[in-house]
Number of protein chains: 4
Amino acid sequence: MMKLSSRLIQHSRNQLSRKLLYGKDGDVKDMLSLHSFSHRAGISTSGQNIAVKGSIGDRIFAPYTIFKGKAALSVAPMLPTFTKLESGSLVVDRRGSIMLTFMPAIGERKYDRERRQVFSLSATEVGSLISLGADESCEFFHDPSMLTSNAGQVRKSLSIKPHGNGSGYFIALSVVNNLLKSKDNLGVPVTTAEFAVMKTACSFALPHIMGWDRLTNKMPRGTEGQTSMIDRQALSLEWDK
Amino acid sequence: MMKLSSRLIQHSRNQLSRKLLYGKDGDVKDMLSLHSFSHRAGISTSGQNIAVKGSIGDRIFAPYTIFKGKAALSVAPMLPTFTKLESGSLVVDRRGSIMLTFMPAIGERKYDRERRQVFSLSATEVGSLISLGADESCEFFHDPSMLTSNAGQVRKSLSIKPHGNGSGYFIALSVVNNLLKSKDNLGVPVTTAEFAVMKTACSFALPHIMGWDRLTNKMPRGTEGQTSMIDRQALSLEWDK
Amino acid sequence: MMKLSSRLIQHSRNQLSRKLLYGKDGDVKDMLSLHSFSHRAGISTSGQNIAVKGSIGDRIFAPYTIFKGKAALSVAPMLPTFTKLESGSLVVDRRGSIMLTFMPAIGERKYDRERRQVFSLSATEVGSLISLGADESCEFFHDPSMLTSNAGQVRKSLSIKPHGNGSGYFIALSVVNNLLKSKDNLGVPVTTAEFAVMKTACSFALPHIMGWDRLTNKMPRGTEGQTSMIDRQALSLEWDK
Amino acid sequence: MMKLSSRLIQHSRNQLSRKLLYGKDGDVKDMLSLHSFSHRAGISTSGQNIAVKGSIGDRIFAPYTIFKGKAALSVAPMLPTFTKLESGSLVVDRRGSIMLTFMPAIGERKYDRERRQVFSLSATEVGSLISLGADESCEFFHDPSMLTSNAGQVRKSLSIKPHGNGSGYFIALSVVNNLLKSKDNLGVPVTTAEFAVMKTACSFALPHIMGWDRLTNKMPRGTEGQTSMIDRQALSLEWDK
């Protein structure tokens, strides 16, 4: 886990994003580490990952944050990583996700990043969110230590429940950590408009976290006589059976 | 505020866009200044903004304008600006928005740009617009002088209300300016089809004004052996807690 | 109007697109001229349009065609053209559209391109199409000669009407041409699935024909220290009023 | 048909994608051949296809896979191929599709790729899928050998049927192969969330498999004085009639 100094975040309505982003430089970096989604086009050759200096400039930080009385919720996409095979083809190595970050309020317009909790939505969990009916709810369970010796020691559950009056949802994260003997409950009421932003932005992001945005047909440079390979074999699979 | 000479705009059905855009050059520029959305990829180093000559060619003007009897309404996206940190990462500096511009009619097919009024929709307000049910209405309030000594002197409210017969909405802007002792009310009836264009275009634009379109996975140039950095640390945040 | 030799089109289920596209070369060109949507990024300097040799390679032909017993309907997007101002900014010159092309059947799987009729949907008409409810219909009227001495001589109307049983729509084009003393009625039944393709593809295309796809934030090349201009003036318009 | 050695695939919840992708290299290639969607921007000159060495690096593999007790279902887009005419224009040669691949389970978390079956959804069939109501079903029939001497020997049908309780769909593929004297039935229950991912991803992919994503307006490089051709002729077609 990243080392973070204890720090409070304060905002007023208009100066919010500036205050969040232009504190001391260390503060900015801390803040960003939470929301970092970047062009992590992780490429490796034949299964070995290679980190290349100089590409850090690719990181972009643009979370959608909802500030409420008891907590704040940030939503940010995380791109998948790819692995490059010897053939030159790229395969998805680790799927992307939508990262939800909760920070508890500790005063008027002050949020405690030190006590933040995160929950990473998979493509299918994003599918649940974007198909959620006005009166429906959903809940997801994660064990970050699954398949390790600490399995079962940390239990996270995220629930999205509609307000009774059809005016939005309550999104809550519960984290029980037996290792730290801690139990956290963070929740944020989300209006219909804010949920519409989440749905639209997550629908937009879904093909990207799946790696399908790489589908975009490239324009050949016609005037230079360049051509690309034709691979009918893959397309012909069905017909050849 | 920009200095604008008083000027009338006249249009006929087919020649409209040409007339709007090909007046005297000064007129064109004035017109455009209203709707300018551009690749304002505002970049600064370590918090200091740097304006660089030569990039003005990036500006694009493509508002969607609805001309009606008493007023015209233009809708245009405004991209966010980014700030570049020392690390090379980019953070959203100022969020983008959807700019609504109202111009009163002052005769048949004539609109007075001098008396135009603007209202800038945030991402969440765009969320309200695109999730608006057929029988629902919404209203937003802005104080452009908030947090200054003139706070409360200018009050703007934008309302979107359904026609009784389910055939669209009435979109109205009210601006009360105590400093200028002025009060303006501008409204445009919007058909279901026009509102569908607004919804579709604003849904398309939403991830862009949030800065999420930068998510697009870049194709590595496989034949040149270039690779990008892998940053598993960010992705591992949840599991490391 | 383009000169086209009379020609029949014949297809069988699987060989259709190949037959359509690989006839004699002249045939291909004729066919394509109907559906040409291209990167007609028409650019002119200070209002004068300039045609530049060599860019014809940018044209792409990818119509979605529905072949039925009495007629065929092709749907293809047409991009807007832009004009470049002295300042370097680009403004939309002519809006894009969705071009509908009807060809009458003249035998089993044979369509007569010579007697084709076209109807060009504006952004707002596309809004009507994509917001059409399952039981709703819509109709558009065009006069291609509007504002000329031939105004009223050619009347086109396009109607989209639901089948009684909720299984799709009937899309029909009527063209009355007093100059040619002709009257054409062409119609195609469209299934729910085919209409879903039309809706999805037209929703995708809408921001493109409006010119809003140019919104996409460009990635600055961070490692090369390049920066772009910051234009806060436009964004500040609302607050400065 | 590609030669594939018999091979089993085993997965556990977290290590799944890694296991699928990092078996022996040959295994990886086999796996990928199923899901290969790539920038198969097949280009040929005047109807002759030309394969050019070096572009294999363009292939991307990012299927969305649903693993269930009796079978697994993978969904992956296949881009269209284009043919380049002498004029430099590009026409769609072969349409893209969404490839569905079913693999039977042969034990706990083990799937038999050797007995996989594929079904390639056309644009219109994708339209059926994305417009499917909660209580609706659909079924498609393919004959891979249609128009050959083996016509009718292999019959495939894909059905999508809603669960009774509104909690998703059952997607089943039946393949009767008279040549091999085989009959296969493979089915996967798909939750509402998983179907939402399929719908969203297929809606995103639809314009791409149609070739419409090439619509994207290109930014002219303003500072270099480059301009593109203006082709008003195509746009004027309707008005010239």
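All of these numbers come straight from a predicted model, not from anything done at the bench.

A few points about the overall build of chain A
The helix and strand inventory of chain A stands at six helices and 16 strands. For chain A, the proportion of its 241 residues judged to be buried stands at 59%. Of the roughly 9,600 Å² of accessible surface on chain A, a fraction of 50% belongs to carbon and sulfur atoms.

A short note on the packing of aromatic side chains
Residue and element names in this part refer to chain B. Taken as a whole and judged by the stated rule, the model has eight aromatic pairs over all chains. Measuring from ring centre to ring centre gives 4.1 Å for Tyr 169 and Phe 195, while their planes differ by 40°; the resulting arrangement is tilted. With a gap of 26 residues between them, Tyr 169 in strand E15 (residues 168–177) and Phe 195 in helix H4 (residues 192–210) connect regions that are remote in the sequence. Accessibility assignment for this pair places Tyr 169 and Phe 195 in one class, buried.

Re the sheet that holds strand E6 (residues 64–67) of chain B
Residues and elements named next belong to chain B. Reading across the sheet, the four strands line up as E6-E7-E10-E12 and stay open at both edges, with antiparallel pairing between neighbours. One side of each edge strand has no neighbouring strand; the edge strands of this open sheet are E6 and strand E12 (117–121). Put simply, the sheet's adjacent strands are angled 15° from each other on average, direction ignored. Where H4 meets the sheet, its contacts fall on E6, strand E7 (71–78) and strand E10 (97–104), and the angle it forms with E6 comes to roughly 155°.

Some remarks on the packing of helix H4 (residues 192–210) of chain A against H4(B)
Packed helices, taken two at a time, are described by their axes: the angle between them and the distance between them. Contact geometry for H4(A) and H4(B): axes closest at 9 Å, N-to-C directions at 85°. Relative to H4(B), the element H4(A) lies roughly perpendicular. Across the interface between the two elements, Val197(A), Thr200(A), Ala201(A) and Phe204(A) from H4(A) touch Ser203(B), Leu206(B), Pro207(B) and Met210(B) from H4(B). The residue makeup of the contact of H4(A) with H4(B), split by class, is six nonpolar, two polar and no charged.

Some remarks on the sheet that holds strand E16 (residues 182–191) of chain D
Residue and element names in this part refer to chain D. Reading across the sheet, the four strands line up as E13-E14-E15-E16 and stay open at both edges, with antiparallel pairing between neighbours. Pairing within the sheet leaves two strands with one partner each, and these edge strands are strand E13 (138–142) and E16. Put simply, the sheet's adjacent strands are angled 10° from each other on average, direction ignored. Note that strand E15 (residues 168–177) and E16 share 10 bridges and pair antiparallel. Across the sheet, residue Phe 170 finds its bridge partner in E16, namely Pro 189. Contacts from helix H4 (residues 192–210) reach strand E14 (154–162), E15 and E16 within the one sheet, and its direction differs from that of E16 by about 100°.

Some words on helix H3 (residues 123–130) of chain D
Of all eight residues in H3(D), seven are buried; the element is thus mostly enclosed. Taken residue by residue, H3(D) has Ala123(D), Glu125(D), Val126(D), Gly127(D), Ser128(D), Leu129(D) and Ile130(D) as its buried positions.

A look at the pairing of strand E9 (residues 90–94) of chain D
All names here are of chain D. Judged by how many residues are buried, E9 sits mostly within the fold: four of five residues are covered. Here four bridges tie strand E8 (residues 81–84) to E9, and the two strands are oriented antiparallel to one another. For Thr 83, the partnering residue across the bridge sits in E9 and is Val 91. In sequence, E8 turns back onto E9 through a hairpin of five residues, with Gly 88 there showing a positive phi of about 100°.

Considering the packing of H4(A) against helix H3 (residues 123–130) of chain B
Two elements in contact, H4(A) and H3(B), have axes whose closest approach is 7 Å; the angle formed by their N-to-C orientations is 90°. As the angle between them shows, H4(A) and H3(B) are arranged roughly perpendicular. Contacts between H4(A) and H3(B) involve Ala193(A), Glu194(A), Ala196(A), Val197(A) and Thr200(A) from the former and Ala123(B), Thr124(B), Gly127(B), Ser128(B) and Ile130(B) from the latter.

Side note on the pattern of salt bridges
When charged atoms on two side chains of opposite charge get close, those side chains can pair. Residue and element names in this part refer to chain A. A complete count under the given rule lists eight salt bridges over all chains for this structure. Two residues, Lys 68 and Glu 194, come together in a salt bridge whose shortest N-O distance is 2.9 Å. One end of the pair, Lys 68, is in the loop between strand E6 (64–67) and strand E7 (71–78); the other, Glu 194, is in helix H4, and 126 residues separate them in sequence. Side by side, Lys 68 and Glu 194 carry an identical accessibility label, which is buried. Two residues, Asp 112 and Arg 115, come together in a salt bridge whose shortest N-O distance is 3.9 Å.

Description of the environment of Ser174(A)
Residues and elements named next belong to chain A. Structurally, the position occupied by Ser 174 is in strand E15 (residues 168–177). In this structure, the C-alpha to C-alpha distance between Ser 174 and Asn 185, residues 11 residues apart in sequence, is 4.5 Å. If we ignore the near neighbours within four places in the chain, the residues touching Ser 174 are Arg 155, Lys 156, Ser 157, Asp 184 and Asn 185.

Topic: the environment of Ser157(B)
Tracing the backbone through its elements, the reader meets Ser157(B) in strand E14 (residues 154–162). Residue classification places Ser157(B) among the buried residues on the basis of a relative accessible area of 13%.

Examining the nonpolar core
Among the nonpolar cores identified, the biggest contains 168 residues, and Ile98(A), Ile98(B), Ile98(C) and Ile98(D) are the most heavily contacted of them. Residues in contact with Ile98(A), not counting those within four places in the same chain, are Val75(A), Ala76(A), Pro77(A), Phe119(A), Ser120(A), Leu121(A), Val126(A), Cys202(A), Ala205(A), Ile209(A) and Trp212(B).

Thoughts on the confidence of the model for chain A
For residues with low pLDDT, the predicted coordinates do not support detailed interpretation. Taken residue by residue, chain A gives an average pLDDT of 71. The fraction at 70 or more is 64%. Across residues 1–57 of chain A, confidence stays below pLDDT 50; counting only partners more than four residues off in sequence or on other chains, it has 164 contacts.

Looking at the environment of Phe140(D)
Residues and elements named next belong to chain D. You can see Phe 140 is positioned in strand E13. As for Phe 140 and Leu 121, which are separated by 19 residues in sequence, their C-alpha atoms are 8.8 Å apart. If near-sequence neighbours (up to four positions away) are discounted, Phe 140 is found in contact with Phe 119, Leu 121, Glu 125, Ser 128, Lys 156, Ser 157 and Leu 158.

Description of the side chain of Asp213(D)
Note on placement: Asp213(D) falls in the loop between H4 and helix H5 (232–235). Within the structure, Asp213(D) has its side chain in polar contact with the side chain of His208(D) (distance 3.1 Å).

Looking at unusual backbone geometry
Even without a glycine there, the phi angle at Arg109(A) is positive, about 60°. Mapping Arg109(A) onto the fold places it in the loop between strand E10 (97–104) and strand E11 (110–112).

As for the side chain of Ser159(A)
All names here are of chain A. Within the secondary structure, Ser 159 sits in strand E14 (residues 154–162). Taking the relative accessible area as the measure of exposure, Ser 159 reaches 10% and is therefore buried. Look past the residues within four positions of Ser 159 in its chain and what remains in contact with it is Cys 138, Glu 139, Phe 170, Ile 171 and Ala 172.

Rules and cut-offs
- Residues numbered from 1 in each chain as written.
- Chains lettered and ligands numbered in written order.
- Predicted model: local features only at pLDDT ≥ 70, side-chain atom pairs only at ≥ 80, totals over all residues.
- Heavy atoms only, no water.
- Helix = DSSP H or I, 4+ residues; strand = E, 2+ residues; numbered from the N terminus.
- Buried < 20%, exposed > 50% of the residue type's maximum accessible area, 1.4 Å probe, protein only.
- Areas by Shrake-Rupley, 256 points an atom, 1.4 Å probe, with all protein chains shown as cover.
- Phe/Tyr/Trp six-rings, centres within 6.5 Å; stacked < 30°, edge-to-face > 60°.
- Pairing = 2+ DSSP bridges.
- Axes fitted to C-alpha atoms, helices over the stretch in contact; angles between N-to-C directions.
- Contact = heavy atoms within 4.5 Å.
- Parallel < 35°, antiparallel > 145°, perpendicular 65-115°, else oblique.
- Nonpolar A, V, L, I, M, F, W, Y, C, P; charged D, E, K, R; others polar.
- Salt bridge = Lys/Arg side-chain N within 4 Å of Asp/Glu carboxyl O.
- Core = buried A, V, L, I, M, F, W, Y, C linked by side-chain atoms within 4.5 Å.
- pLDDT = per-residue confidence, 0-100.
- Polar contact = N/O pair within 3.5 Å; in protein donor to acceptor, adjacent residues only side chain to side chain.

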